[in-house]
Amino acid sequence: MADVKLGLRHPKIILLAVIYFFIVSGYYGLTFFLPSITALMKGTSIVTQTIVMMLPYICGFFAMLWCAASSDRNHERRWHTAIPILVGSLGM
């Protein structure tokens, strides 16, 4: 039990927990509020609203594929994780 308490007070663990909290908060914010944002698109069809709702997920899918391939090709993981998180946070 003492090892767990010591581990949870480690600065890198606290930093990772804070980063993860903000990533998950942004994801759920997008998931919960995107339908209400597209509902404000008065005068457009349901199909158009659905396509607009799909765009972030489609872009994210292709960005993940590209980033994974680039990460494997360059044998580098840290910046291929940090930069997409920063870009996503700027987008939010």
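Preceding this paragraph is the structure being described.
Values in this document were obtained by computation on a predicted structure and should not be read as measured data.

1. Some details on the packing of aromatic side chains
Reasoning step 1: Counted according to the given criterion, the structure contains four aromatic pairs.
Reasoning step 2: Relative to Phe22, the ring of Phe21 lies with its centre 5.4 Å away and its plane at 65°, an arrangement referred to as edge-to-face.
Reasoning step 3: Exposure remark for Phe21: the relative accessible area of 53% places this residue in the exposed category.
Reasoning step 4: Taking relative accessible area as the criterion, Phe22 reaches 56% and is therefore assigned exposed.
Reasoning step 5: Where Tyr27 meets Tyr28, the ring centres are 5.4 Å apart and the plane angle is 65°; that geometry is what we call edge-to-face.
Reasoning step 6: The exposure class assigned to Tyr27 is partly exposed, which follows from its relative accessible area of 46%.
Reasoning step 7: Taken together, the ring pairs connect Tyr27, Tyr28 and Phe32 into an aromatic cluster.

2. Re helix H3 (residues 46-74)
Reasoning step 1: Relative to the 42 Å expected for 29 residues at 1.5 Å per residue, H3 spans 42 Å between its end C-alpha atoms, a close match to the ideal helical length.
Reasoning step 2: Of all the bends found along H3, the most pronounced is centred on Leu55 and spans about 35°, while Pro56, a proline, follows it within four residues.
Reasoning step 3: Of all the residues in H3, the buried ones are Gln49, Cys67, Ser70 and Ser71.
Reasoning step 4: In the core, the buried residues of H3 are packed alongside helix H2 (11-39) and helix H4 (78-91).
Reasoning step 5: Just beyond H3, the residue with positive phi is His75, at close to 55°.

3. Topic: the state of the cysteines
Reasoning step 1: Taken as a whole and judged by the stated rule, the model has zero disulfides.
Reasoning step 2: The closest cysteine sulfur to the non-disulfide-bonded Cys59 is located on Cys67, 15 Å from its own sulfur.
Reasoning step 3: The exposure class of Cys67 is buried, given its relative accessible area of 13%.

4. Topic: the side chain of Gln49
Reasoning step 1: Summarising the element assignment, Gln49 is placed in helix H3.
Reasoning step 2: In this structure Gln49 comes out as buried when scored by relative accessible area, which is 14%.
Reasoning step 3: Setting aside its immediate chain neighbours within four residues, Gln49 contacts Thr38, Ala39, Met41 and Thr44.

5. Some details on the packing of H2 against H3
Reasoning step 1: It is at 9 Å that the axes of H2 and H3 come closest, and there the two elements cross at 160°. With respect to H3, the axis of H2 lies roughly antiparallel. Of the two elements, H2 crosses H3, and the hand of that crossing is right-handed. Side by side, H2 and H3 meet where Tyr27, Leu30, Thr31, Leu34, Pro35, Thr38 and Ala39 of the first sit next to Gln49, Val52, Met53, Pro56 and Tyr57 of the second.
Reasoning step 2: Within the contact of H2 with H3, the residues separate by chemical class into nine nonpolar, three polar and no charged.

Calculation notes
- Residues numbered from 1 in each chain as written.
- Predicted model: local features only at pLDDT ≥ 70, side-chain atom pairs only at ≥ 80, totals over all residues.
- Heavy atoms only, no water.
- Phe/Tyr/Trp six-rings, centres within 6.5 Å; stacked < 30°, edge-to-face > 60°.
- Buried < 20%, exposed > 50% of the residue type's maximum accessible area, 1.4 Å probe, protein only.
- Helix = DSSP H or I, 4+ residues; strand = E, 2+ residues; numbered from the N terminus.
- Expected span 1.5 Å × (residues − 1).
- Bend = angle between axes of the 7 residues up to and from the residue.
- Contact = heavy atoms within 4.5 Å.
- Disulfide = S-S within 2.5 Å.
- Axes fitted to C-alpha atoms, helices over the stretch in contact; angles between N-to-C directions.
- Parallel < 35°, antiparallel > 145°, perpendicular 65-115°, else oblique.
- Left-handed = near helix turned anticlockwise from the far one by under 90°.
- Nonpolar A, V, L, I, M, F, W, Y, C, P; charged D, E, K, R; others polar.

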